[in-house]
Amino acid sequence: MNFKNLTIKEAHKLLENREITSAELTEEFFGEIKKRDKEINAFLSLAENEAMAAAKKVDARIAKGEPIELLAGIPSAIKDNILIRGAKATAASKMLENYIAPYDATVIEKLREEEAVLLGKTNMDEFAMGSSTENSAFGPTKNPVDLQRVPGGSSGGSAAAVKAGFCVYALGSDTGGSIRQPAGFCGVVGFKPTYGAISRHGLIAMAASLDQIGPITKNVDDAAAVFEAIRGNDKFDSTSVKKDWPDYWNEPIDIEEIKIGVPREYFTHGLDSEVEKSVREAILKLEKEGAKIVDIDLPYSEWALAAYYIIMPAEVSANLARLDGIRYGYSKIKNSEFGLQNLFDVYLKSRGEGFGAEARRRIMLGTYILSAGYYDAYYTRAQKVRRLIKQDFDRAFREVDAIISPVSPTVAFKFGEKTHDPLSMYLSDIYTVSVNMAGLPAISIPAKEAYNLPVGLQLIGDSFEDIKLLKIAKMAETIIKEKI
Ligand code: GLN
């Protein structure tokens, strides 16, 4: 059996039918990780004992003939900015190199309720800042499709782990594209739910008004299954909402009733022509099957990246301020040759050494943006642009059911190609950041390859229409797969 390509539903069936035990499955994955992850570097830490114990518990229940949840006994991987009690949570930063999480994130609690098996924590860009996983303090992750290339980021370890067959599914986080872009680069499915659909409690905050946890999976059904398990209102996250979600599994969507918008602004300069071809081909196939395709305008998209790079660093600087080498984080006090230095020196040395270059860049940028005199000129203005971006989408969704676009303007690039030019790196999020600015749900599914590399197709839905979006994505996935 090829366990590497197993989906959640397939694995669940095998477990229920007792064709394999969860312990066997878990061992298979650990075996694969040990064999191949030295090269790929998808994982920062493994939790073998805990995972095997969880697997055996599920096996015992199956042996007794008890019914099990869909995710029970199924091995998964968790991005290293999501807290698992007793496990390291470094967020791929030297700052948190020795930090052991004292509690479970709400999403982890929910996975535990389902008796999921957690194999370990995955690599990422430091504090989720980046688009290639090259900003990890613990070395980059390689794209399993082509080891010369980045897996995308910041959830690059999670996407690589799913693609490499190191786990059945993974959790990532998305602040400006960090689930969708790596999923696109690795050829898997990545779903960023509506802001507020999933509790962020226990997610190490990057930019709290944009961050959202979501699944990286092998297909849309699995994304829906994980979403069902981890969503919900939580008293520890006041931005999480209470909602009766519609059912995903029954009543598939009728393609002839679906209207999909193609934003003119997303198909202009900067978009690789082969990527464009692949996306346009997918759109054509949907049209042929009966979907109504219309051009739409999102005029403020042009300012999305600029506004994102004001709002996000402002929040980053505030969120990371606690990592000062005194209350939290890598500290230079203990190692000091001088005994207790002055406070400023402690901050300077601890933060200077603990944070990598990209984190320092954004903290400085954010601190500047929030300083007196600049706050209104930059931050307040960017917030106004954010509102206009949301209004663009509101207008569009009065007309269409979903919006379709590329996930990123290029396929996975080579290591080092963009590290010396932050702006070119930031541009790989040009089609994804608006979605976070507007708080919308969006999913990346594989389209036809370009240059023999995966291309991600993005579908964006209206606020809290996550289930409708997933159904549309499922339909698109089926059509594109059949016709590739
Ligand atoms: N790549 C984007 C950035 O660097 C998005 C990161 C994310 O979504 N966490 O900010």
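In this text the structure is predicted, and so the values were computed from the model without any measurement.

Definitions and cut-offs
- Residues numbered from 1 in each chain as written.
- Predicted model: local features only at pLDDT ≥ 70, side-chain atom pairs only at ≥ 80, totals over all residues.
- Heavy atoms only, no water.
- 1 Å grid on protein atoms, 1.4 Å probe; cavity = no way out; pocket = protein on both sides within 12 Å on 5 of 7 lines; lining within 4 Å.
- Points joined across faces, edges and corners; volume = space filled by probe spheres on them.
- Nonpolar A, V, L, I, M, F, W, Y, C, P; charged D, E, K, R; others polar.
- Salt bridge = Lys/Arg side-chain N within 4 Å of Asp/Glu carboxyl O.
- Buried < 20%, exposed > 50% of the residue type's maximum accessible area, 1.4 Å probe, protein only.
- Helix = DSSP H or I, 4+ residues; strand = E, 2+ residues; numbered from the N terminus.
- Axes fitted to C-alpha atoms, helices over the stretch in contact; angles between N-to-C directions.
- Parallel < 35°, antiparallel > 145°, perpendicular 65-115°, else oblique.
- Contact = heavy atoms within 4.5 Å.

**Some details on empty space enclosed by the protein**
Okay, so step 1: For the structure shown, the criterion picks out 3 cavities of 30 Å³ or more.
Okay, so step 2: Of the voids in this model, the largest cavity is the one considered here, and its volume is about 70 Å³.
Okay, so step 3: In terms of lining, the largest cavity is formed by 14 residues, of which the most central are Ala128, Gly130, Ser178, Tyr308 and Asp429.
Okay, so step 4: Partitioned by chemical class, the residues of the lining of the largest cavity number 5 nonpolar, 7 polar and 2 charged.
Okay, so step 5: Grouping the constituent residues of the lining of the second largest cavity by class yields 6 nonpolar, 5 polar and no charged.

**Some words on the pattern of salt bridges**
Opposite charge on two side chains permits pairing when their charged atoms draw close.
Okay, so step 1: Using the criterion set out here, one finds 28 salt bridges in the structure.
Okay, so step 2: The residue Arg180 makes a salt bridge to Asp174 at a minimum N-O spacing of 2.8 Å.
Okay, so step 3: Residue class for Asp174 comes out buried when judged on its relative accessible area of 0%.
Okay, so step 4: With a shortest N-O distance of 3.9 Å, Glu477 and Lys481 are connected by a salt bridge. Highlighted residues: Glu477 and Lys481, both in helix H15 (residues 466–483), separated by 4 residues, approximately one helical turn.
Okay, so step 5: Overall, Lys481 belongs to the exposed group, its relative accessible area being 55%.
Okay, so step 6: Ionic contacts of the salt-bridge type, sharing partners, join the residues Lys4, Glu32, Lys35 and Arg36 into one network.

**Section: the packing of helix H9 (residues 304–319) against helix H11 (residues 357–369)**
Okay, so step 1: Interaxial distance between H9 and H11 falls to 7 Å at its minimum, and their mutual angle equals 100 degrees. The orientation of H9 with respect to H11, classified from their angle, is roughly perpendicular. Residue-level contacts link Tyr309, Ile310, Met312, Pro313, Ala314, Val316 and Ser317 of H9 to Arg362, Ile363, Leu365, Gly366, Thr367 and Ile369 of H11.

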